[in-house]
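# Report on the structure
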Amino acid sequence: MQVSRASNIVTFTTKGQVVIPSKLRREFEIKAGTRAAVISTPEGILLKPVTREYIRSLRGSLKNKKVWAAFQDDRRWERED
């Protein structure tokens, strides 16, 4: 998958929705129903499509970590908002 650095300007709706340009949807294999991880970075908001390729890239990344405790902490944080 080739990642481009070209800027695309989008507009947010009153509900916070945004349309990803079709060229980028094709490039990142985003189809109707594709989920995305929304990550806050020092540079701004990062949207990472959760595709098969992304899921495969995570294999083994949680070895020897307290995954269940982190999951529970995340769930508590989500419920507080």
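The notes below deal with the structure included here. (Residues numbered from 1 in each chain as written. Predicted model: local features only at pLDDT ≥ 70, side-chain atom pairs only at ≥ 80, totals over all residues. Heavy atoms only, no water.)

Looking only at helices and strands, the protein has three helices and two strands in total. Sorting the 81 residues of the protein into buried and exposed places 5% on the buried side. Look at the contacts in the protein between residues 6 or more apart in sequence, and 17% of them connect residues 24 or more apart. When the accessible area of the protein is evaluated, it comes to approximately 8,000 Å², of which 53% is carbon and sulfur surface. (Helix = DSSP H or I, 4+ residues; strand = E, 2+ residues; numbered from the N terminus. Buried < 20%, exposed > 50% of the residue type's maximum accessible area, 1.4 Å probe, protein only. Contact = heavy atoms within 4.5 Å. Areas by Shrake-Rupley, 256 points an atom, 1.4 Å probe, with all protein chains shown as cover.)

If you walk through the whole model with that rule in mind, you get one salt bridge. A salt bridge links R76 to D73, with the nearest nitrogen and oxygen atoms 2.6 Å apart. Of this pair, R76 and D73 both sit in helix α3 (residues 67–80), three residues apart, roughly one helical turn. Taking relative accessible area as the criterion, R76 reaches 44% and is therefore assigned partly exposed. (Salt bridge = Lys/Arg side-chain N within 4 Å of Asp/Glu carboxyl O.)

Let us look at the pairing of strand β1 (residues 35–41). Inspection of the sheet shows β1 paired to strand β2 (residues 44–50) by seven bridges, in the antiparallel sense. Paired with R35 across the two strands is V50, which belongs to β2. Hairpin connection of β1 to β2: two residues between the antiparallel strands. (Pairing = 2+ DSSP bridges.)

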